[in-house]
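Residue-level listing of the chains:
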Amino acid sequence: MTATMTKPSPTQTAIPLLDLVAQFNAIRDEVMPAMERVCESQRFIGGPEVTACEEEIARYCDCKVGIGMTSGTDALLCGMMGLGIGPGDEVIVPTFTFFATAGCVARLGAKPVFVDVDPDTFNVTAAIVEKAITPKTKLIIPVHLFGQLAEMDAIMAMANARGIPVMEDSAQSIGASHNGKKACSIGRLGTLSFFPSKNLGAFGDAGMIVTNDAELGERLRILREHGSKPKYYHKWIGGNFRLDALQAAVLRIKLRHLDGWSKKRQENARRYDAMFAGTKIVTPKIAKGNVSIYNQYCIRVPNRDKLREHLNAQGIGNEVYYPVPLHMQECFKHLGGKAGDQPASEKAAGEVLAIPIYPELTEAQQQRVAETIINFCR
Ligand SMILES: *Cc1c(COP(=O)(O)O)cnc(C)c1O
């Protein structure tokens, strides 16, 4: 391939990894009045928008209750507080995930026990988790990475046999399913993030815990407000983890579009799969029984960093989720993790590359992304 072939033509505009402006323009007429209603009410904390948002999102996840949270991170933290996780406890988490999953464990004084992931799905399996269980294991947090669920049926059978609760980190997988069961509805509780880049994104930070355990839900609701019930009488030490009404109003509008957006992402994924077929590019594998919502479409290539440079030069959005597995992070050095401990995760960290998959991506844009990658990797 010659250099001239790779020069972006002046007519070609950049293709972002995610185009939230396009999404906003499509729903502006619905979202703005909803936000205006909240402004007119001047009711920003709690209230009908938050309650309705919790009910609607819980129902969407096939769960009984939703507890709106400030972020996906706080949902993880508060969820663990509700389960009584603390010093001396071990919590099993994948090493190949966003930092928050393990950071929250450490913040509560518990020990994150890092496990490897399946190289095809990037998710933990029952067999991998089982090997890490000790008498101190108090919780298992499977992360449903990139939009597809971990093998929850097998994980639940294994965890239930040992009486260990499971909390699903579903930040990247709202609406995805495993054997017909939706993310968050399988474990004891599930956590969601509405960070703008998630499939259901707020206009800022937001998150939610959803669960079918009404009693746990009530405890979480109290912990969300500094553990106080009634007001100013503190039963437990909680925090301020409240979802605000403006975000709730935005989320309620966006929720109506979520299935349509996820469907578009699935169509885009199918098109990429076909475009990359027969090339050296390894495409995402969706496990049998899973429906993915493709929060990310992560390809694997051996010369990933060179490809990144090339895509950047071509104005094609891309990102590495995640370049350093958690057992190798500086802040967890004291736990003794080192290179070679978790081979599948370490290999993935060096090879994965997320490319544009967002719903508004056009077929022509997709063609350009795929051709640029295929030509480079030839
Ligand atoms: C985004 C994310 C979180 C954290 O969510 P925030 O809303 O950004 O705090 C946690 N876990 C995973 C897997 C995520 O992708």
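Residues numbered from 1 in each chain as written. Predicted model: local features only at pLDDT ≥ 70, side-chain atom pairs only at ≥ 80, totals over all residues. Heavy atoms only, no water.

Trainee: Teacher, can you tell me more about the packing of aromatic side chains here?
Mentor: The description of an aromatic ring pair rests on the distance of the ring centres and on the angle between the ring planes. Enumeration according to the criterion identifies twelve aromatic pairs in this entry. Judged by centre distance (6.4 Å) and plane angle (85 degrees), the ring pair of Phe96 and Phe146 falls under edge-to-face. Separated by 50 residues along the polypeptide, Phe96 in the loop between strand E2 (90-94) and helix H5 (100-107) and Phe146 in the loop between strand E4 (137-140) and helix H7 (152-162) bring together distant segments of the chain. No difference in accessibility class separates Phe96 from Phe146, as the two residues are buried. Seen in terms of ring centroids, Tyr272 and Tyr297 are 4.9 Å apart; in terms of plane orientation they differ by 35 degrees. Their pairing is tilted. Here the residue Tyr272 occupies a position in helix H9 (residues 245-276), and Tyr297 occupies one in strand E11 (residues 297-300), the gap between them amounting to 25 residues. Each member of the aromatic cluster is reached from another via a ring pair, and the members are Phe96, Phe98, Phe122, Phe146, Tyr321 and Tyr322. Over the ring of Tyr60 we find Lys182; its NZ or CZ atom is 3.9 Å from the centre of that ring. (Phe/Tyr/Trp six-rings, centres within 6.5 Å; stacked < 30°, edge-to-face > 60°. Helix = DSSP H or I, 4+ residues; strand = E, 2+ residues; numbered from the N terminus. Buried < 20%, exposed > 50% of the residue type's maximum accessible area, 1.4 Å probe, protein only. Lys NZ or Arg CZ within 6 Å of the ring centre and 35° of its normal.)

Trainee: Would you explain unusual backbone geometry in this entry?
Mentor: Phi is mostly negative for residues that are not glycine, and the peptide bonds are mostly trans. Here the bond from Lys229 into Pro230 is cis, since omega is -10 degrees, no more than 30 degrees from zero. Within the element layout of this structure, Pro230 appears in the loop between helix H8 (214-223) and H9. Unusually for a residue other than glycine, Asn179 sits at a positive phi of about 50 degrees. Relative to the assigned elements, Asn179 resides in the loop between strand E6 (177-178) and strand E7 (181-182). Judged by relative accessible area, Asn179 falls into the partly exposed class, the value being 43%. Despite not being glycine, Tyr232 shows a phi value in the positive range, around 75 degrees. Tracing the chain through its elements places Tyr232 in the loop between H8 and H9.

Trainee: When you look at the site of the ligand in this model, what are you seeing that I'm missing?
Mentor: If you check the shell around the ligand, you find 17 residues, and the closest are Gly72, Thr73, Gln172, Ser193 and Lys198. Residue Asp169 places a side-chain N or O atom 2.8 Å away from a nitrogen atom belonging to the ligand. A distance of 2.8 Å separates an oxygen atom of the ligand from a polar side-chain atom of Lys198. Computed on the free molecule, the ligand has an accessible area of 380 Å², of which 93% lies beneath the protein chains in the complex. The pocket occupied by the ligand, as judged from atoms lying within 2 Å of grid points, is the largest pocket. Broken down by secondary-structure element, the contributors of at least two residues to the shell around the ligand are helix H4 (72-82) and H5. No other element matches the three residues that H4 contributes to the shell around the ligand. Considering only residue class, the shell around the ligand consists of eight nonpolar, seven polar and two charged. (Near = heavy atom within 4 Å. Polar contact = N/O pair within 3.5 Å; in protein donor to acceptor, adjacent residues only side chain to side chain. Areas by Shrake-Rupley, 256 points an atom, 1.4 Å probe, with all protein chains shown as cover. 1 Å grid on protein atoms, 1.4 Å probe; cavity = no way out; pocket = protein on both sides within 12 Å on 5 of 7 lines; lining within 4 Å. Sits in = over half its atoms within 2 Å of the grid points. Nonpolar A, V, L, I, M, F, W, Y, C, P; charged D, E, K, R; others polar.)

Trainee: How do you make sense of the sheet that holds E6 when you look at a structure like this?
Mentor: With antiparallel pairing, three strands are arranged side by side in an open sheet as E7-E6-E10. With one partner strand each, in any of the chains shown, E7 and strand E10 (290-291) form the two edges of the open sheet. Where E6 and E10 come together, two bridges link them in antiparallel fashion. By the bridge assignment for E10, Ser177 is matched with Val291. (Pairing = 2+ DSSP bridges.)

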